[in-house]
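# Analysis of the macromolecular model
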Amino acid sequence: MSAFKARIAGLQARVEGMLDGMSSRDRTLLMGLVVFAALAAVGGGAWSMMGRLDTLEKQVKEARGDQQFIQSEIAEYKAASTELERIQKEMAKYEGQDMSSFMEKAAEAAEIRDRLDSVRENSVVEMGDLEQKNYSVRLTRVSLDQMVKFLYQVEATGYPLQITTAKFKRVKVSGEWMLNVTLEIAAYRLLQEA
């Protein structure tokens, strides 16, 4: 420690010697320069620290925004999962029912059972966990009211289907205008998991 103190004392003596050799004006300028350098170092450090704090604050805000986004996505996912379960339960109700028999029941409820000419399966497409069967349904000589009742029976019961196209042809039967209708229907079924 004494060697260290001796070095400090030597350095101090040198600085005092330099200061003694300076005029009072030069000493004042040197002191001003030292004070300015100290203030600049403190100010620069503070400015750098403020910039870093601003950057950290922005990162915290971004992280909070990301957290809110993730929470909203989780809520959406839960809602979609609940809706999916509801749809799967609804679809399971009609699992064993054939499309032809369903159409016959709908035609019977609309009082046009004898006007249902055909229910023909056209194609089957697998889409992930779903199977889509495409059907052509043909009705002949039905009134507009009967057709509306039939469509209501088909769509309002909850059977998992979608009418993709409908073709109407107007025909005159015994002086009265009737409709011949061809419906293209896509029916859906959940595929069983292996």
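Residues numbered from 1 in each chain as written. Predicted model: local features only at pLDDT ≥ 70, side-chain atom pairs only at ≥ 80, totals over all residues. Heavy atoms only, no water.

Take the overall build of the protein chain next. If you tally the helices and strands in the protein chain, you get 4 helices and 4 strands. Tracing the protein chain from N to C terminus, the helices and strands come up as α-α-α-β-β-α-β-β. In terms of overall size, the protein chain is more extended than a compact globule, its C-alpha atoms giving a radius of gyration of 43 Å where 194 residues would be expected to give roughly 16 Å. Taking the principal axes of the C-alpha coordinates as reference, the protein chain spans close to 130 × 45 × 25 Å. In the protein chain, which comprises 194 residues, the share counted as buried stands at 19%. Long-range contacts, defined as pairs at least 24 residues apart, comprise 59% of the intrachain contacts of the protein chain with a sequence gap of at least 6. Counting every atom, the protein chain has about 14500 Å² of accessible surface; 57% of that belongs to carbon and sulfur. Positive and negative charge centroids in the protein chain, built from 26 and 28 side chains respectively, lie 5 Å apart. (Helix = DSSP H or I, 4+ residues; strand = E, 2+ residues; numbered from the N terminus. Rg over C-alpha atoms; globule rule 2.2 N^0.38 Å. Buried < 20%, exposed > 50% of the residue type's maximum accessible area, 1.4 Å probe, protein only. Contact = heavy atoms within 4.5 Å. Areas by Shrake-Rupley, 256 points an atom, 1.4 Å probe, with all protein chains shown as cover. Lys, Arg positive; Asp, Glu negative; His and termini not counted. Charge placed at Lys NZ, Arg CZ, Asp CG, Glu CD.)

Ring pairs (aromatic) are described by centroid distance and by the angle formed between their planes. If you walk through the whole model with that rule in mind, you get 1 aromatic pair. Seen in terms of ring centroids, Phe102 and Tyr159 are 4.3 Å apart; in terms of plane orientation they differ by 20°. Their pairing is stacked. Within this pair, whereas Phe102 is found in helix 3 (residues 99-109), its partner Tyr159 is found in the loop between helix 4 (144-156) and strand 3 (161-173), the two being separated by 57 residues in sequence. Like Phe102, the residue Tyr159 is buried in the burial classification. Above the plane of the ring of Trp177 lies Arg170, whose end atom (NZ or CZ) is 3.8 Å from the centre. (Phe/Tyr/Trp six-rings, centres within 6.5 Å; stacked < 30°, edge-to-face > 60°. Lys NZ or Arg CZ within 6 Å of the ring centre and 35° of its normal.)

This brings us to helix 3. Met99, Phe102, Met103, Ala106 and Ala107 are the residues of helix 3 that are buried. The arc enclosing the buried residues of helix 3, seen along the axis, measures out at 135°, which places them on a common side. In this structure, helix 3 carries Lys105 and Glu108 as exposed residues pointing more than 90 degrees from its buried face. In the core, the buried residues of helix 3 are packed alongside strand 1 (116-127), strand 2 (130-142), helix 4, strand 3 and strand 4 (176-190). Among the residues of helix 3, the N-terminal cap falls to Asp98, whose side-chain oxygen and the backbone nitrogen of Ser100 are separated by 3.3 Å. Just downstream of helix 3, Glu111 is the residue with a positive phi angle, here 65°. (Arc of directions from axis to C-beta. Polar contact = N/O pair within 3.5 Å; in protein donor to acceptor, adjacent residues only side chain to side chain.)

The next thing to look at is the sheet that holds strand 1. Taken together, the 4 strands give an open sheet; going across it, the order is 1-2-4-3, and neighbouring strands pair in antiparallel fashion. Two strands lie at the open edges of the sheet, namely strand 1 and strand 3, each paired on one side alone. Sheet twist, expressed as the mean angle between neighbouring strand axes with direction ignored, is 15°. Bridge analysis of strand 2 against strand 4 gives 11 bridges, and the strand direction is antiparallel. Across the sheet, Leu130 pairs through a bridge with Leu190, a residue of strand 4. The sheet contacts of helix 3 involve strand 1, strand 2, strand 3 and strand 4, and relative to strand 1 the element is tilted by about 140°. (Pairing = 2+ DSSP bridges. Axes fitted to C-alpha atoms, helices over the stretch in contact; angles between N-to-C directions.)

Any functional reading would require information beyond the geometric quantities listed.
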